[in-house]
Amino acid sequence: MPRPGQVKSPASDRLSDRIALGVLTRAFPPDLIDEVVAECCRVEQRHRLLPARVVVYFVLAMCLFFGQGYEEVARLLVQGLEREGRWAGAWRVPTTAAIGRARLRLGPEPLRALFARVCRPVAVRGTQGAWYRGWRLVAVDGTTFDLPDTTANADFFGRPGTSRGQGRSAYPQARVAALAECGTHAVFAADVAPLSVHEAALAERLFPALAEDMLVLADRGFCGLDLRRAAKAGGADLLWRVRSVVVLPVVAALDDGSYLSEIVAKRDHYRRADPERVRVIEYTLGHDGGDGTVYRLITSILDPADAPAVELAALYAQRWEIENTLDEIKNHQGSPGLVLRSQHPRGVEQEVFAFLLVHHALRELMHQAALRIGHDPDRISFTRSLRIVRRHVTGQAALSPLPTRPGHHPEPA
């Protein structure tokens, strides 16, 4: 019988090479993990108890079973294998310290590379709620993640100010910007940076992922002509809310109640030598004007026949889908009051991308389920899907996440 903390395995096969990952293994196949590990030069020269491929899957599982300790996550990955009578030897679940060292060896690069390979918009033409006329609806937004209060995290990421106590937050924070598909909540571009990097500047790094068939929604925090031009560079169209102080002179009134105007960069505010033509939609919410707030949207779609003002005004509410997406990641996949577990900046980056990868896998699964039953993906509960996937992972039979090489005999750890 194996001692506590051990799981049976055959003498010729290390159990660390066999992990039950269910849905995650299908979303991120072992061969793909091997490719990104090799691409990032993380292939081991000797066989370890925790080889790089296993560590990638462990970090993903850590962000699926958030709140569980390192050793408990390792047990969840191999749960059920000890029932297989053919296992003869024993494999000890790695200690928290050993897993922490393995994460440091791996670094964030393989998780970044895996995100770049896998995370794409998932909606097809038949996906309900994902399109407006010929445009795929996407949104850009940013958020922050609280981090463990370590010197390394505080020095690299910084802390937000506060009006209470010592004038600083209890936790360092990392800034994250993301592009998400509104209809499916699939995040297809993201980046992590210190708090000193402005949200708009971080978002600009994501704009190469935008395509010609996309209509990008953004709130008032994303302003400036240079940022708009960067977002349009790949052919995407824009529907962004602007602040009330932005000067938008009426160039021509249009039949649908919108009007053509021009915007300029802040540096060109007085000369207006390099303007860009936009269309402006202004409206208030509610039959009686609601609370009197005037919403001002500017769009690159200049012809009302292509997108009437009343439709664009109603469409702008879809921007909230990215708020819901970030809430799913932080408060449901994670937990209310989420604080990441990584003690070092490179671990923080690794963990953030693992959260995003797991969320994309869940959302892609939900999209496929919605297509099969002809529903809008928004009608499927994210929380219920998450619970099902967690149960499914721990109930799966094992499969090997390491390639087999003829004649290969691993060195002792």
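Heads up: the structure comes first, above all this text.
Calculation criteria
Residues numbered from 1 in each chain as written. Predicted model: local features only at pLDDT ≥ 70, side-chain atom pairs only at ≥ 80, totals over all residues. Heavy atoms only, no water. Helix = DSSP H or I, 4+ residues; strand = E, 2+ residues; numbered from the N terminus. Contact = heavy atoms within 4.5 Å. Buried < 20%, exposed > 50% of the residue type's maximum accessible area, 1.4 Å probe, protein only. Salt bridge = Lys/Arg side-chain N within 4 Å of Asp/Glu carboxyl O. Pairing = 2+ DSSP bridges. Right-handed = clockwise from strand over helix to strand, strands pointing away. Phe/Tyr/Trp six-rings, centres within 6.5 Å; stacked < 30°, edge-to-face > 60°. Lys NZ or Arg CZ within 6 Å of the ring centre and 35° of its normal. Axes fitted to C-alpha atoms, helices over the stretch in contact; angles between N-to-C directions. Parallel < 35°, antiparallel > 145°, perpendicular 65-115°, else oblique. Core = buried A, V, L, I, M, F, W, Y, C linked by side-chain atoms within 4.5 Å. Arc of directions from axis to C-beta.

**Topic: the environment of Arg 103**
No. 1: Along the polypeptide, Arg 103 turns up in helix H5 (residues 96–106).
No. 2: Separated by 53 residues in the primary sequence, Arg 103 and Leu 50 have C-alpha atoms spaced 9.5 Å apart.
No. 3: The contact partners of Arg 103, leaving out residues within four places of it in the chain, are Val 55, Val 59, Met 62, Tyr 70, Arg 341, Ser 342, Gly 347, Gln 350 and Glu 351.

**Quick look at the environment of His 367**
No. 1: Its location among the elements puts His 367 in helix H12 (residues 345–373).
No. 2: Judged by its relative accessible area of 2%, His 367 is buried.
No. 3: Separated by 243 residues in the primary sequence, His 367 and Val 124 have C-alpha atoms spaced 9.6 Å apart.
No. 4: Setting aside anything within four residues of it in sequence, one finds His 367 in contact with Val 122, Ala 123, Val 124, Thr 127, Thr 184 and Pro 377.

**Points about the side chain of Ser 300**
No. 1: As for its placement among the helices and strands, Ser 300 is situated in the loop between strand S12 (295–299) and helix H10 (309–315).
No. 2: Those residues in contact with Ser 300 that sit more than four places away from it in its chain are Arg 228, Lys 232, Asp 237 and Leu 238.

**Side note on the pattern of salt bridges**
No. 1: Across all of its chains, the model carries 24 salt bridges by this definition.
No. 2: Within this structure, Arg 228, Arg 229, Lys 232, Asp 274 and Glu 276 form a network of salt bridges that share partners.

**Quick look at the pairing of strand S8 (residues 237–241)**
No. 1: Most of S8 sits inside the fold, with five of its five residues counted as buried.
No. 2: The two faces of S8 match: Asp 237, Leu 239 and Arg 241 on one face and Leu 238 and Trp 240 on the other face are all buried.
No. 3: Relative to S8, strand S7 (residues 214–218) runs parallel, the two sharing four bridges. Paired with Ala 218 across the two strands is Trp 240, which belongs to S8.
No. 4: With helix H9 (residues 225–232) bridging S7 and the parallel S8, this β-α-β connection has right-handed handedness.
No. 5: As judged from the three bridges shared by S8 and S12, these two strands associate in the antiparallel manner. Of the residues in S12, the one forming a bridge with Trp 240 is Ile 298.

**Things to note about the packing of aromatic side chains**
No. 1: Applying the stated criterion to the full structure yields six aromatic pairs.
No. 2: For the ring pair Tyr 283 and Tyr 295, a centre distance of 5.4 Å and an interplane angle of 15 degrees mean the geometry is stacked. Residue Tyr 283 is located in strand S11 (residues 276–283), and its partner Tyr 295 is located in strand S12; the two are separated by twelve residues in the primary sequence.
No. 3: Taking relative accessible area as the criterion, Tyr 283 reaches 15% and is therefore assigned buried.
No. 4: The ring of Trp 131 has Arg 125 lying over it, and the distance from NZ or CZ to the ring centre is 3.8 Å.

**Quick word on the environment of Phe 222**
No. 1: Counting through the fold element by element, Phe 222 comes out in the loop between S7 and H9.
No. 2: With residues up to four places along the chain from it excluded, the contact list for Phe 222 reads Val 140, Asp 141, Gly 142, Glu 199, Ala 200, Ala 203, Leu 227 and Trp 240.

**Quick word on the packing of helix H3 (residues 52–64) against H5**
No. 1: Two elements in contact, H3 and H5, have axes separated by 10 Å at closest approach and are oriented at 110 degrees. By the angle between their directions, the pair H3 and H5 is classed as roughly perpendicular. Of H5, the residues touching H3 (which contributes Ala 52, Val 55, Val 56, Phe 58, Val 59 and Met 62) are Ile 99, Ala 102, Arg 103 and Leu 106.

**Description of the pairing of strand S10 (residues 259–263)**
No. 1: Extensive coverage of S10 is indicated by the burial of four of its five residues.
No. 2: Judged from the two bridges that link them, strand S9 (residues 252–253) and S10 form a sheet pairing that is antiparallel. Within the sheet, the bridge partner assigned to Ala 253 lies in S10 and is Tyr 259.
No. 3: Hairpin remark: S9 followed by S10, antiparallel, with five residues in the connecting loop; positive phi at Gly 257, about 95 degrees.
No. 4: As judged from the five bridges shared by S10 and S11, these two strands associate in the antiparallel manner. Looking at the pairing, Glu 262 lines up with Arg 277 of S11.

**Some points on unusual backbone geometry**
No. 1: Residue Cys 41 is not a glycine yet carries a positive backbone phi of 60 degrees.
No. 2: With respect to the helices and strands, Cys 41 occurs in the loop between helix H2 (30–39) and H3.
No. 3: Phi at Arg 272 is positive, roughly 50 degrees, even though this residue is not glycine.

**With respect to the nonpolar core**
No. 1: Phe 28, Phe 58, Leu 60 and Leu 215 are the most contacted members of the largest nonpolar core, which totals 87 residues.
No. 2: Contacts of Phe 28, omitting those with residues within four sequence positions, involve Ile 33, Tyr 57, Leu 60, Leu 114, Val 118, Leu 357 and Ala 361.
No. 3: Judged by nonpolar contacts, the second largest core, of 23 residues, contains Val 138, Ala 193, Ala 200 and Leu 210.

**So, H2**
No. 1: Where H2 is concerned, the buried positions are Pro 30, Leu 32, Ile 33, Val 36 and Val 37. Looking down the long axis of H2, one finds its buried residues gathered within 160 degrees of arc, a one-sided arrangement.
No. 2: Buried-residue contacts for H2 involve helix H1 (23–27), H3 and helix H6 (109–118).
No. 3: Backbone geometry just after H2 places Cys 41 at a positive phi near 60 degrees.

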